[in-house]
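# Observations on the three-dimensional arrangement
Okay, here's what each chain looks like letter by letter:
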There are 4 protein chains.
Amino acid sequence: MALPRSGPVRSEAARLAILRAAASLLTERGYDHLTMEGIARQAGVGKQTIYRWWPSKGDVIAEAILEGHLLAARREPPDTGDARADLATWLVELFSLRSSPEGEGLLRSFIAAAAGNAETGRRLRAEILAAPLMLRLSRAMGVATGPRLDAAADALLGAVILRALSREEFGADDMLALVDVIVGTHPRAEEDTASPAASVG
Amino acid sequence: MALPRSGPVRSEAARLAILRAAASLLTERGYDHLTMEGIARQAGVGKQTIYRWWPSKGDVIAEAILEGHLLAARREPPDTGDARADLATWLVELFSLRSSPEGEGLLRSFIAAAAGNAETGRRLRAEILAAPLMLRLSRAMGVATGPRLDAAADALLGAVILRALSREEFGADDMLALVDVIVGTHPRAEEDTASPAASVG
Amino acid sequence: MALPRSGPVRSEAARLAILRAAASLLTERGYDHLTMEGIARQAGVGKQTIYRWWPSKGDVIAEAILEGHLLAARREPPDTGDARADLATWLVELFSLRSSPEGEGLLRSFIAAAAGNAETGRRLRAEILAAPLMLRLSRAMGVATGPRLDAAADALLGAVILRALSREEFGADDMLALVDVIVGTHPRAEEDTASPAASVG
Amino acid sequence: MALPRSGPVRSEAARLAILRAAASLLTERGYDHLTMEGIARQAGVGKQTIYRWWPSKGDVIAEAILEGHLLAARREPPDTGDARADLATWLVELFSLRSSPEGEGLLRSFIAAAAGNAETGRRLRAEILAAPLMLRLSRAMGVATGPRLDAAADALLGAVILRALSREEFGADDMLALVDVIVGTHPRAEEDTASPAASVG
DNA sequence: CACTAATCGAGACGGTACGTCCCGTCTTCAG
DNA sequence: CTGAAGACGGGACGTACCGTCTCGATTAGTG
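Conventions used here
Residues numbered from 1 in each chain as written. Chains lettered and ligands numbered in written order. Predicted model: local features only at pLDDT ≥ 70, side-chain atom pairs only at ≥ 80, totals over all residues. Heavy atoms only, no water. Near = heavy atom within 4 Å. Polar contact = N/O pair within 3.5 Å; in protein donor to acceptor, adjacent residues only side chain to side chain. Helix = DSSP H or I, 4+ residues; strand = E, 2+ residues; numbered from the N terminus. Nonpolar A, V, L, I, M, F, W, Y, C, P; charged D, E, K, R; others polar. Least-squares fit on C-alpha atoms with pLDDT ≥ 70 in both. Contact = heavy atoms within 4.5 Å. Buried area = accessible area lost by both parts, 1.4 Å probe. Salt bridge = Lys/Arg side-chain N within 4 Å of Asp/Glu carboxyl O. pLDDT = per-residue confidence, 0-100. Axes fitted to C-alpha atoms, helices over the stretch in contact; angles between N-to-C directions. Parallel < 35°, antiparallel > 145°, perpendicular 65-115°, else oblique. Left-handed = near helix turned anticlockwise from the far one by under 90°. UniProt positions renumbered as here; feature names shortened; annotations may be inferred. Buried < 20%, exposed > 50% of the residue type's maximum accessible area, 1.4 Å probe, protein only. Phe/Tyr/Trp six-rings, centres within 6.5 Å; stacked < 30°, edge-to-face > 60°. Lys NZ or Arg CZ within 6 Å of the ring centre and 35° of its normal.

### Notes on the protein's contact with DNA strand F
Of all residues adjacent to DNA strand F, which total 44 residues, the nearest are A:Lys47, A:Tyr51, C:Lys47, C:Tyr51 and D:Ser11. The sugar-phosphate portion of DNA strand F accounts for 63% of its atoms within 4 Å of the protein, the bases making up the rest. B:Trp53 is positioned with one of its side-chain polar atoms (N or O) 2.7 Å from a phosphate oxygen of DNA strand F. When residues of the surface near DNA strand F are traced back to their parent elements, those giving at least two are helix H2 (36-43) and helix H3 (47-53) of chain A, helix H3 (47-53) of chain B, helix H2 (36-43) and helix H3 (47-53) of chain C together with helix H3 (47-53) of chain D. When residues of the surface near DNA strand F are assigned to their parent elements, the largest contribution, 4 residues, is made by H3(D). Residues belonging to the surface near DNA strand F are distributed by class as follows: 13 nonpolar, 19 polar and 12 charged.

Listed below in structure tokens is the structure:
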């Protein structure tokens with residue numbers, strides 16, 4: 001049983017202000033210009049209020065991502081009927097995070113956050129990025145689940161991350177080539193000219 | 001033509017000491033415990049000597065990697081005759097960098113360095129990691145070059161990076177599955193043209 | 001009225017440690033070997049704690065002097081009954097600061113501090129050096145206050161400072177001659193009025 | 001006889017450029033913003049050329065003062081016939097150095113230089129400041145030389161320096177009062193109030 | 001209702017590292 | 001051998017944040 005407590009409970013307003021401040025600062029200035037003091041200042045909160053509830057900067061980010069304060073709009077994949085093209089579209093959009101207007105690269109900020117913090121890394125892959133990907137991918141591959149699907153998901157997502165890391169330009173064509181390699185070209189085998197329906201496979 | 005300059009020339013001893021110090025500190029303590037002051041101290045060099053020649057920490061790392069002060073032993077892929085198995089072996093070894101004894105993870109340190117520095121990112125992929133991979137991969141796929149090969153390389157490398165980021169364990173079996181998905185399970189036979197159906201399995 | 005502030009209050013322990021460290025380092029090593037880092041180190045304090053409360057090194061010294069961490073023993077003038085001799089004695093003692101054992105010269109350190117910092121300069125003269133001087137001088141001159149007294153005080157003190165700056169040796173006899181010139185030889189002797197020609201010789 | 005030497009002799013052009021650069025930088029930016037690198041840059045000279053001939057910054061300043069690159073215009077005292085007024089005028093002019101337009105205070109820069117360097121201190125007093133002062137003072141006191149004259153000179157000069165250090169404003173009237181106290185009011189005897197002896201006493 | 005205990009904003013604290021400036025020495029090349 | 005140029009090891013500068021701590025004020029239960 002819980003030991004009896006008195007006093008005020010955790011302030012939801014403060015929690016939200018912190019997550020929002022973290023999200024906005026990460027977006028605007030990038031992961032390595034993100035500071036606890038900056039978050040506290042922007043959130044109008046004492047530093048201790050952050051440290052009381054999160055052990056590190058990465059955990060704040062992890063929670064902000066998880067609650068959808070970041071990447072919110074990106075989580076819903078399109079559905080045009082062509083699963084493979086939808087997949088490519090979604091990946092291109094994800095990749096475009098690489099170059100936010102401020103120039104730091106939100107996707108790279110995520111990567112840096114993941115590299116520095118286990119929880120962020122785990123959540124970023126498992127709950128955020130992978131979920132919409134798996135949905136489209138299972139359609140494109142005609143497989144509901146299984147190790148091959150997992151491997152394919154990692155391969156796709158990893159390729160995007162790698163290209164973001166290496167600052168390589170990466171257009172829609174390249175993305176389709178990538179999808180083709182991983183999902184397989186076969187269903188569209190002849191179709192490249194003859195049987196488009198097969199591509200749903 | 002360049003205007004003739006007199007005066008002392010750049011000290012090769014200092015350059016090497018800095019790169020070695022950076023490499024050893026990165027390996028031992030990880031990217032985000034790596035400091036310019038630490039490098040200078042360990043190299044027995046003034047901080048200004050670092051800043052004179054490299055604009056940032058990431059550029060020091062980039063040059064250290066490029067010169068082989070890091071990853072040196074890892075660049076030579078095995079050659080057992082089974083190209084696909086060699087590929088998986090090499091990837092597993094690469095992935096094992098994920099957990100260096102001190103606990104930070106050399107591979108993740110590279111990723112963090114790449115996330116924070118364009119040059120490091122570009123070089124990490126293009127010149128270091130990709131080269132031995134491409135060699136094995138082209139054998140495994142029976143293709144010398146081309147966009148499909150590039151896409152496959154990115155997918156393989158990216159998947160390893162993604163799993164490192166998300167701290168997921170990743171054994172030899174998983175790696176073979178990954179290779180199978182990307183390269184194809186077939187005997188690497190004629191199938192590339194003859195047995196498309198198998199790739200769905 | 002002042003807006004009510006909460007939060008921690010300034011640490012008196014840190015303040016004292018800083019002033020004492022500054023005083024001891026100034027005495028031991030001289031003004032231009034006195035560094036903020038040295039003070040912080042010796043005081044066991046973060047640099048920021050110094051910068052938070054004092055805008056410059058000179059202001060730290062000014063406060064140290066004002067609080068009596070420096071020159072403390074020197075502020076009490078002797079009182080033998082012979083006001084003029086007391087004055088000379090006090091000045092000789094002051095001048096002896098010129099050559100501290102470590103060789104930098106405490107008095108010159110004060111001068112350097114004053115030259116570089118307005119507050120130090122103002123306080124050095126007004127509150128510390130001038131006060132005991134004025135006391136003796138008013139007795140020696142038989143005048144309680146007034147511009148003549150001020151001018152005489154500046155002349156005496158200034159002469160000592162100038163000699164310290166120019167590294168000229170300056171004994172008890174010289175000091176008496178100086179006092180005689182400024183205070184006048186008359187009151188304590190008839191000779192001043194009787195044999196003026198002697199002073200020229 | 002001199003030992004035979006080969007190679008070019010010391011470059012007079014370099015020597016002059018250094019002294020001029022030092023003088024102009026001291027005047028413009030003050031003693032503690034004066035750097036060896038700055039002098040070398042402005043003089044178009046290698047640093048080593050400075051260190052080869054002068055052991056320290058203070059010695060460069062000392063030589064610059066001695067050669068008249070600083071204070072040049074100030075060395076000639078006026079001569080209106082009223083020796084005492086001339087003296088006061090010269091002192092006021094000297095004191096006005098205290099506030100150079102750039103705000104650092106040339107006189108205080110001299111003081112700082114003197115405080116930090118024995119040679120500068122010695123020369124500043126002995127050869128530069130004292131000489132024109134002694135001339136006027138000996139006229140005003142009707143004494144050619146002697147310890148009383150030396151003491152009076154130190155007292156006058158020292159008072160000016162002290163006031164400069166303490167940032168006290170100091171007008172023509174104050175200066176006359178100072179001169180009166182040190183030189184004596186006697187020649188102007190009756191006018192003061194009636195009982196000149198009292199004011200001396 | 002008083003008391004207790006935990007929360008909150010605020011921010012001082014001892015530290016580490018930053019990136020810059022300058023020190024005085026050393027090294028190269030041109031004259 | 002001098003002199004301009006400038007790289008070098010070193011050290012201090014003043015700033016930014018770190019994560020901990022200490023305040024006074026506020027806000028729930030508990031007794």
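### Some points on the relation of the copies chain C and chain D
For the pair chain C and chain D, the relating rotation is 179°, the translation along its axis is 0.0 Å, and the fit reaches an RMSD of 0.2 Å. The operation mapping one copy onto its partner corresponds to a two-fold rotation axis. Minimal C-alpha distance to the rotation axis in chain C is attained by C:Gly158, lying at 1.8 Å. Looking at chain C, 89% of its interface residues are interface residues in chain D too, so the copies touch through the same face.

### Regarding the interface of chain A and chain B
Listed per partner, the contact involves 33 residues of chain A and 35 residues of chain B. Between chain A and chain B lies a buried interface of about 3100 Å² when both sides are counted; carbon and sulfur atoms form 64% of it. Along the contact surface separating chain A from chain B lie 4 salt bridges. Salt-bridge contacts for A:Arg125 lead to B:Glu168; the nearest nitrogen and oxygen are separated by 2.5 Å.

### Some points on the confidence of the model for chain A
Residues at a pLDDT of 70 or more form 81% of chain A, whose mean pLDDT is 81. For the stretch residues 186-201 of chain A, pLDDT sits under 50, and the model shows 21 contacts to residues farther than four places along the chain or on other chains.

### A word on the protein's contact with DNA strand E
B:Tyr51, C:Ser6, D:Lys47, D:Gln48 and D:Tyr51 are the nearest of the 43 residues found near DNA strand E. The share of sugar and phosphate among atoms of DNA strand E within 4 Å of the protein is 60%. The contact in question runs from a phosphate oxygen of DNA strand E to an N or O atom on the backbone of A:Gly46, over 3.3 Å. Contacts to DNA strand E include B:Gln48, whose side-chain N or O atom sits 3.3 Å from a base nitrogen. Secondary structure elements with two or more residues in the surface near DNA strand E: H3 of chain A, helix H2 (36-43) and H3 of chain B, H3 of chain C together with helix H2 (36-43) and H3 of chain D. Examining the composition of the surface near DNA strand E, we find that 5 residues originate from one element, H3(A), more than from any other. Taken together, the residues of the surface near DNA strand E sort by class into 13 nonpolar, 20 polar and 10 charged.

### Here we look at the packing of helix H8 (residues 147-165) of chain B against helix H9 (residues 172-183) of chain B
Packed helices, taken two at a time, are described by the angle between their axes plus the distance between the axes. Residues and elements named next belong to chain B. Two numbers describe how H8 lies on H9: the axes approach to 10 Å, and their chain directions differ by 155°. With respect to H9, the axis of H8 lies roughly antiparallel. As H8 runs across H9, the sense of the crossing is right-handed. Residues Ala152, Ala155, Leu156, Ala159 and Val160 of H8 lie in contact with H9, whose contacting residues are Met175, Leu178, Val179 and Ile182.

### A few points about the UniProt feature "DNA-binding region" (unreviewed entry) in chain A
Cross-referencing UniProt, the feature "DNA-binding region" (unreviewed entry) maps to residues 35-54 of chain A in the present numbering. Between the C-alpha atoms that bound residues 35-54 of chain A there is a distance of 14 Å. The span itself is 75% helix and 0% strand.

### Let's talk about unusual backbone geometry
The residue A:Arg167 is not glycine, and still its phi comes out positive at about 60°. Tracing the backbone through its elements, the reader meets A:Arg167 in the loop between helix H8 (147-165) and helix H9 (172-183).

### Remarks on the side chain of D:Ser109
Residues and elements named next belong to chain D. Tracing the backbone through its elements, the reader meets Ser109 in helix H6 (residues 106-116). Of the residues examined, Ser109 reaches a relative accessible area of 3% and is grouped as buried. With residues up to four places along the chain from it excluded, the contact list for Ser109 reads Leu26, Gly30 and Tyr31.

### Overview of the relation of the copies chain A and chain B
Mapping chain A onto chain B calls for a rotation angle of 179° and an axial translation of 0.1 Å; the resulting RMSD is 0.3 Å. Of all interface residues in chain A, 94% are interface residues in chain B too; the two copies therefore contact each other through one and the same surface.

### Quick notes on the packing of aromatic side chains
For any pair of aromatic rings, geometry is given as the distance between the ring centres together with the angle between the planes. Summed over the entire model, instances satisfying the criterion amount to 0 aromatic pairs over all chains. A:Lys57 extends its terminal NZ or CZ atom over the ring of A:Tyr31, reaching a point 5.2 Å from the ring centre. Directly above the aromatic system of B:Trp54 lies the positively charged group of B:Arg10, at a separation of 4.9 Å from the ring centroid.

### Examining the interface of chain C and chain D
Between chain C and chain D, the residue contacts involve 38 residues of the former and 38 residues of the latter. The junction of chain C with chain D conceals about 3300 Å² of combined surface from both sides, 63% of it contributed by carbon and sulfur atoms. Three residues, C:Arg148, C:Leu162 and C:Val181, lead the burial of chain C against chain D; their summed loss comes to 20% of the area buried on that side. Linking chain C with chain D are 4 salt bridges. Elements with a contribution of two residues or more to the side of chain C that touches chain D: helix H6 (106-116), helix H7 (118-141), helix H8 (147-165), helix H9 (172-183) and helix H11 (196-200) of chain C. Residues of the side of chain C that touches chain D, tallied by class, amount to 21 nonpolar, 8 polar and 9 charged.

### What about the environment of C:Arg84?
Along the polypeptide, C:Arg84 turns up in helix H5 (residues 83-96). Engagement of the side chain of C:Arg84 in a polar contact is seen with the side chain of C:Asp180, the distance being 3.3 Å.

### Quick look at the pattern of salt bridges
Scanning the entire structure with this criterion turns up 47 salt bridges over all chains. A salt bridge links A:Glu63 to A:Arg15, with the shortest nitrogen-to-oxygen separation between them at 2.7 Å. Residue A:Glu63 is located in helix H4 (residues 57-66), and its partner A:Arg15 is located in helix H1 (residues 12-29); the two are separated by 48 residues in the primary sequence. On the accessibility criterion, A:Arg15 (13% relative accessible area) is buried. The salt bridge involving D:Glu67 is made with D:Arg15; its shortest N-O contact spans 2.9 Å. Linking D:Glu67 in the loop between helix H4 (57-66) and helix H5 (83-96) with D:Arg15 in helix H1 (residues 12-29), this pair joins segments that are 52 residues apart in sequence. Among the charged side chains, a network of salt bridges with common partners joins A:Glu12, A:Arg15, A:Glu63 and A:Glu67.

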